[in-house]
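An overview of the molecular structure
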Amino acid sequence: MTDSAFAFGLGVGTRNSKGQWLEVFFPQPLLAPPAAVIAAVSGDNDAVLEIDQLRALRQALLEAGEEKQAALAGRLMDAGRPAVAVLLREDAPPANVPEGYLKLQLISHRLVKPHGTRLDGLFGVLPNVAWTNEGAIDIEELPERQLSARLRGEVLEVSSVDKFPKMTNYVVPEGVRIAHTARVRLGAYLGEGTTVMHEGFINFNAGTDGPGMIEGRISAGVTVGAGSDLGGGCSTMGTLSGGGNIVIAVGKECLIGANAGIGIPLGDRCTVEAGLFVTAGTKVTLLDAEGMPVETLKARDLAGKSDLLFRRNSATGAVECLTNRSAIELNHELHAHN
């Protein structure tokens, strides 16, 4: 048996009446777990552990000197609920719910960055779940649970129906501010110093290096560099929303203005004027230092280049691009984190 593995997680979650996992919480996921942890885990990649098995795992972890993981096993054992141990021997697409949730939490715990682990087929693996004040509930079992709550004189609050829960129910990364937690999905990566305002949104397998101000949308697969600002209502086109195979990224110290958007990757210190959406096929007129037109090309030809300012000519309506010599500077007091 190999003495190396991609990741390990020991957690507890929710199953439906058929015993199928709806979600799993991994408090202390490990990337590249030590050989002692690998040796202590069952050969199965996703083993449901009853109390006796959990007790044996805890003892093996103690003997291996893995005190934090042993303490977690002890707390799960004391709770008297079945736990789940997931050992990913390699970075392969997730084959089941526990594996999918472990991979999403690896990202949100900042153990891997977006695109740092394979998530092929994740949508087909994760079930659509009703997220309620009583936890995750199978959609088919929801009517009965709602009736039961009413008969107790209570209301079952359904906050969302989705394959992905909100990140903050699983992990709150250090040094971030999130004004509306429902707008950050599990599997988002928030670098230290990131502020997500009420209308900001960050999808799974996407995020920020931090610090940064996010008042717009970061779609799945999109990453935003340090010091960048996404204005209110702006949008980034991810691979799930029409960007095809192009990996969209925003470089360092960029500004995407309010209600603007991009369908191409930006280099560092780029600015997109408020209200302007630049897609790969947008025709852009390049301007020289005197502001005179030089040539017209498609925006995809400028993908990834730095120090560019995209704007719309108010007289002609043409999209223009000139060198942006002044990088934006975030308000340090506003973006300070306690």
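Every chain's residues receive numbers from 1 upward, in the order its sequence appears when written. Reporting of local features is limited, given that this is a predicted model, to residues whose pLDDT is at least 70; pairs of side-chain atoms are given and counted only at 80 or more, and all residues count toward the totals for whole chains, interfaces and linings. Water and hydrogen atoms play no part in the side-chain values, which are based on all heavy atoms of the structure.

What follows deals with the nonpolar core. Counting residues in hydrophobic clusters, the biggest one holds 67 residues, and the most contacted among them are Tyr-101, Leu-190, Ile-256, Leu-266, Val-272 and Phe-310. Only runs of H or I of at least four residues qualify as helices and only runs of E of at least two qualify as strands under DSSP, and these elements are numbered from the N terminus. Sort the elements by how many residues they give to this core and helix H4 (residues 97–108) lands first, with six residues. Summarising the domain contributions, this core has at least three residues from each of domain 1 (7–121) and domain 3 (167–336). Contacts were defined at the residue level, with two residues in contact if any of their heavy atoms lie within 4.5 Å. Setting aside residues up to four positions removed in sequence, Tyr-101 forms contacts with Leu-22, Glu-23, Val-24, Phe-26, Leu-126, Trp-131, Lys-163, Pro-165, Tyr-170 and Leu-186. By convention a nonpolar core is built from buried Ala, Val, Leu, Ile, Met, Phe, Trp, Tyr and Cys residues, the set being connected through side-chain atoms within 4.5 Å. Partly exposed residues are those whose accessible area sits between 20% and 50% of the maximum for their type, while under 20% is buried and over 50% is exposed, using a 1.4 Å probe and protein chains only. Membership of the second largest hydrophobic core comes to 20 residues, among which are Leu-61, Leu-72, Ala-73 and Leu-87. Domain limits in this description derive from either an automatic procedure or a database domain assignment.

Right, let's get into the domain arrangement of the protein. With domains assigned, the protein is organised as domain 1 (7–121), domain 2 (131–162) and domain 3 (167–336). Centre-to-centre, using C-alpha coordinates, domain 1 lies 35 Å away from domain 3. Residue-level contacts link 15 residues of domain 1 with 21 residues of domain 3. Together, the buried faces of domain 1 and domain 3 total about 1500 Å²; carbon and sulfur atoms form 61% of this surface. In terms of surface lost to domain 3, no three residues of domain 1 exceed Ser-108, Arg-110 and His-115, which account for 44% of the buried area on that side. Any Lys or Arg side-chain nitrogen located within 4 Å of an Asp or Glu carboxyl oxygen qualifies as a salt bridge. Residue Lys-113 is joined to Asp-209 by a salt bridge in which the shortest nitrogen-to-oxygen separation is 3.2 Å. Polar contact is the term for a pair of N or O atoms within 3.5 Å; when the atoms are in protein, one must be able to donate a hydrogen and the other to accept it, and sequence-neighboring residues count only if both atoms are side-chain atoms. For the pair domain 1 and domain 3, the interface holds eight residue pairs in polar contact (both at pLDDT 80 or more). Only strand S2 (21–25) and H4 provide two or more residues apiece to the side of domain 1 that touches domain 3. At five residues, H4 tops the list of elements feeding residues into the side of domain 1 that touches domain 3. Charged means Asp, Glu, Lys or Arg here, nonpolar means Ala, Val, Leu, Ile, Met, Phe, Trp, Tyr, Cys or Pro, and polar covers whatever is left, Gly included. Of the residues contributing to the side of domain 1 that touches domain 3, the split by class is eight nonpolar, four polar and three charged. Two parts lose some accessible area (1.4 Å probe) when they are put together, and adding that loss for both gives the buried area.

Using only the protein atoms, space was sampled on a 1 Å grid; points where a 1.4 Å probe fits but cannot get out form cavities, open sets with protein on both sides within 12 Å along at least five of seven lines form pockets, and lining residues are those with an atom within 4 Å of a point. Grid points are joined across faces, edges and corners, and a volume is the space filled by probe spheres set on the points. The space that makes up the largest pocket amounts to roughly 360 Å³. Lining the largest pocket we find 17 residues, and of these Trp-131, Ser-159, Ser-160, Lys-166 and Asn-169 sit closest to its centre. Put simply, the parts of the chain that give the lining of the largest pocket at least two residues each are strand S6 (129–132), strand S7 (135–138) and strand S8 (158–162). The greatest single-element share of the lining of the largest pocket, amounting to three residues, is contributed by S8. Looking at the lining of the largest pocket residue by residue, the class counts come to six nonpolar, seven polar and four charged.

Turning to the UniProt feature "binding site: succinyl-CoA" (unreviewed entry) in the protein, a few remarks are in order. The UniProt record annotates "binding site: succinyl-CoA" (unreviewed entry) at Arg-217, Gly-232, Ser-235, Ala-258, Glu-273, Ala-274, Gly-281, Lys-298, Arg-311, Arg-312, Asn-313 and Ser-314. Taking the farthest pair of C-alpha atoms as the criterion, the annotated set spanning 98 residues is dispersed, since that pair is 26.1 Å apart. The residue Ser-235 is located in strand S18 (residues 235–236) in this model. In this structure Ser-235 touches Arg-217, Ala-260, Gly-261, Ile-262 and Phe-277, once residues within four positions along its chain are discounted. Here Asn-313 is in contact with Ala-318 and Glu-320, once residues within four sequence places are set aside. UniProt positions are given in the numbering used here, feature names are shortened, and annotations may be inferred rather than shown by experiment.

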